[in-house]
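Analysis of the macromolecular model
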Amino acid sequence: MAEDSRTLILGVDLGGTKILTAVTDSRGKILSRDHSVTPARDGPEAVLESILESAHRALERAEVAMSALACAGVGAPGLIDPRQGMVFTSPHLPGWRDVRLRDMVEERLGRKTFLVNDANAAALGELHFGAARGARNFIYVTLSTGIGGGIVIDGELYSGTIGAAGEVGHMTIDDRGPLCSCGNRGCWETLASGTALAREARQRIEEGVATSILEYAQGDAAKVTAQAVHSAARQGDGLAQELIARTGYYVGVGLANLINIFNPELIVIGGGLSNIGDILLEPAFKVAGERAYRETFRAVRFASAALGRDSGVLGAAVFAFSELRKLSRR
Ligand SMILES: [Zn+2]
């Protein structure tokens, strides 16, 4: 076999609440995983310590020495500059401003480290090992507490001028819409994310609409989550179904924009909210079809993400490995 299959990489998927760390090879085989909690409120140093502890546990489980790693890749949420290895800002990591996360991790691991946006990483994971294998022009969209994305053009991740491209969740859908964590109003993720769905449900409950959603939130409107709305919808709750269809409508509005701008062959949809399935996605695809050009809509295929929670770690690893190879070619 080629040497590549034995090249070992550490992939880290840093989320606002959880850290997933994995030892992988360059073919996308995962040797070990470690799950831990992100101490997001305790600042970058505390998060760094958690990443390191998680990395050591993953290495131990895989029986791999740190020195055997070719490199490490970290996928992080927020506005990221991969070239400087910097997290500019992140709605999921409160207080982070211009944090040089790549260098912090690299210094402590003693291995060459690369930093990439988490949704960009997931797009790369799906491109190399998942639902987008072989695609030339595709867009990855993660519907989660927010909405992230990754844009692949001619088989390469489109990174933009400062490496921050793909923030599809922050395209304006309603110029007077709800305030977004980015400071703008009516961004896609303020209307079509899990957070948006839960917010709308809470609002309607407070207005006194009859619903069983509260039964899935310990009777407390403040504890209503997208998951609670989904559970109620599955039991036939009218309001829950209506709210999910409304969220799907807004998902579709954003998809139509992406289809018209990029004319992709494929849109891969991942993220926890997408697990709701047809009652969310059917209205989304219908609206996208009504709003996009007929020709571009006919040319696009939709697929569900295939790698689940592994897309981010695998993508971070593959990003790191390809950047390492670029460096060695210089
Ligand atoms: Zn925004």
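To be clear, the structure that these remarks concern was listed above.
This text gives an overview of the structure that appears in the document.

Reading the values: the criteria
- Residues numbered from 1 in each chain as written.
- Predicted model: local features only at pLDDT ≥ 70, side-chain atom pairs only at ≥ 80, totals over all residues.
- Heavy atoms only, no water.
- Helix = DSSP H or I, 4+ residues; strand = E, 2+ residues; numbered from the N terminus.
- Rg over C-alpha atoms; globule rule 2.2 N^0.38 Å.
- Buried < 20%, exposed > 50% of the residue type's maximum accessible area, 1.4 Å probe, protein only.
- Areas by Shrake-Rupley, 256 points an atom, 1.4 Å probe, with all protein chains shown as cover.
- Lys, Arg positive; Asp, Glu negative; His and termini not counted.
- Charge placed at Lys NZ, Arg CZ, Asp CG, Glu CD.
- Donors = N, O, S within 2.8 Å, 3.2 Å for Na, K, Ca; no water.
- Tetrahedral: all angles 85-135°; square planar, octahedral: opposite > 155°, others 65-115°.
- Pairing = 2+ DSSP bridges.
- Core = buried A, V, L, I, M, F, W, Y, C linked by side-chain atoms within 4.5 Å.
- Contact = heavy atoms within 4.5 Å.
- Axes fitted to C-alpha atoms, helices over the stretch in contact; angles between N-to-C directions.
- Parallel < 35°, antiparallel > 145°, perpendicular 65-115°, else oblique.
- Left-handed = near helix turned anticlockwise from the far one by under 90°.
- Nonpolar A, V, L, I, M, F, W, Y, C, P; charged D, E, K, R; others polar.
- Expected span 1.5 Å × (residues − 1).
- Polar contact = N/O pair within 3.5 Å; in protein donor to acceptor, adjacent residues only side chain to side chain.

When helices and strands are counted, the chain shows ten helices and 13 strands. For a compact globule of 330 residues, the expected C-alpha radius of gyration is about 20 Å, and the chain comes in at 20 Å, within 12% of that figure. Its C-alpha atoms give the chain principal-axis dimensions of roughly 60 × 45 × 35 Å. Counting over 330 residues, the chain shows a buried share of 55%. Surface accessibility of the chain: about 14900 Å² in total, with carbon and sulfur atoms responsible for 47%. The centroid of the 35 positive side-chain charges in the chain is displaced by 3 Å from the centroid of its 38 negative side-chain charges.

This brings us to the coordination of the zinc ion. Bound to the zinc ion are the protein donor atoms His170 (ND1), Cys180 (SG), Cys182 (SG) and Cys187 (SG), situated 2.0 to 2.3 Å from the metal. Coordination geometry of the zinc ion: the four donor atoms subtend angles of 104 to 121° at the metal centre, consistent with an arrangement described as tetrahedral. For histidine 170, a relative accessible area of 22% puts it in the partly exposed group. Take cysteine 182: its relative accessible area is 44%, and that puts it in the partly exposed class.

Let's shift gears to the pairing of strand β1 (residues 8–14). Among the seven residues in β1, seven count as buried, and that is most of the element. Neither face of β1 is exposed, since Leu8, Leu10, Val12 and Leu14 on one face and Ile9, Gly11 and Asp13 on the opposite face are all buried. Two strands pair when backbone bridges link them, and β1 and strand β2 (residues 18–25) are joined in this way by seven bridges, in the antiparallel orientation. Among the inter-strand pairings, leucine 14 is bridged to a residue of β2, identified as isoleucine 19.

Quick look at the nonpolar core now. Judged by nonpolar contacts, the single largest core of 42 residues is most densely connected at Val141, Leu143, Trp188, Ile213 and Leu255. If you list the elements that add at least two residues to this core, you get β9 (138–143), β10 (147–153), α4 (188–192), α5 (194–206), α6 (226–234), α7 (238–262), β12 (266–270) and α8 (278–291). Tallying contributions element by element places α7 first for this core, with ten residues. Leucine 255 has contacts with Val141, Trp188, Ile267, Ile269, Ala284, Phe285, Ala288 and Phe302, leaving out every residue within four places of it along the chain.

Moving on to the packing of α6 against α7. For the pair α6 and α7, the least separation of the axes is 7 Å and the interaxial angle reads 120°. Our classification of the angle between α6 and α7 gives oblique. The crossing of α6 and α7 is left-handed. Of the residues in α7, those touching α6 at Val229, His230, Ala232 and Ala233 are Ala240, Gln241 and Ile244. The class makeup of the residues in the contact of α6 with α7 is five nonpolar, two polar and no charged.

Here the focus is the sheet that holds strand β6 (residues 86–89). Across the sheet, three strands lie side by side as β5-β6-β7; this open sheet has antiparallel pairing. The sheet is open, and its two borders are formed by β5 (79–81) and β7 (97–99), each paired with just one other strand. Averaged over all adjacent pairs, the angle separating strand axes in this sheet is 20°, with direction ignored. Alignment of β5 against β6, held across three bridges, turns out to be antiparallel. Of the residues in β6, the one forming a bridge with leucine 79 is threonine 89.

Okay, α6 next. Burial analysis of α6 places seven of its nine residues in the buried class, the great majority of the element. What α6 keeps buried is the set Ala226, Ala228, Val229, His230, Ser231, Ala232 and Ala233. Contacts made by the buried residues of α6 are with α5, α7 and α8. Just beyond α6, the residue with positive phi is glycine 236, at close to 90°.

Turning our eyes to something else, we now look at helix α3 (residues 118–129). For α3, with twelve residues, the first-to-last C-alpha span of 16 Å sits near the 16 Å given by 1.5 Å per residue. Burial of α3 is extensive: ten of the twelve residues sit out of reach of the surface. Among the residues making up α3, those that are buried are Ala119, Asn120, Ala121, Ala122, Ala123, Leu124, Gly125, Glu126, Leu127 and Phe129. Among the structural elements, β8 (113–117), β9, β10, β11 (156–157), β12 and α10 (311–329) are those in contact with the buried residues of α3. Structurally, the start of α3 carries an N-cap: the backbone nitrogen of alanine 119 is 2.9 Å from a side-chain oxygen of asparagine 117.

Inspection of the secondary structure assignment puts glycine 130 in the loop between α3 and β9. Classification of glycine 130 by relative accessible area gives buried; the value is 8%. C-alpha of glycine 130 to C-alpha of threonine 172: the two residues are 42 residues apart in sequence and 29 Å apart in space. Not counting chain neighbours up to four residues away, the residues in contact with glycine 130 comprise Gly125, Ala306 and Leu307.

Geometry only, nothing functional implied.
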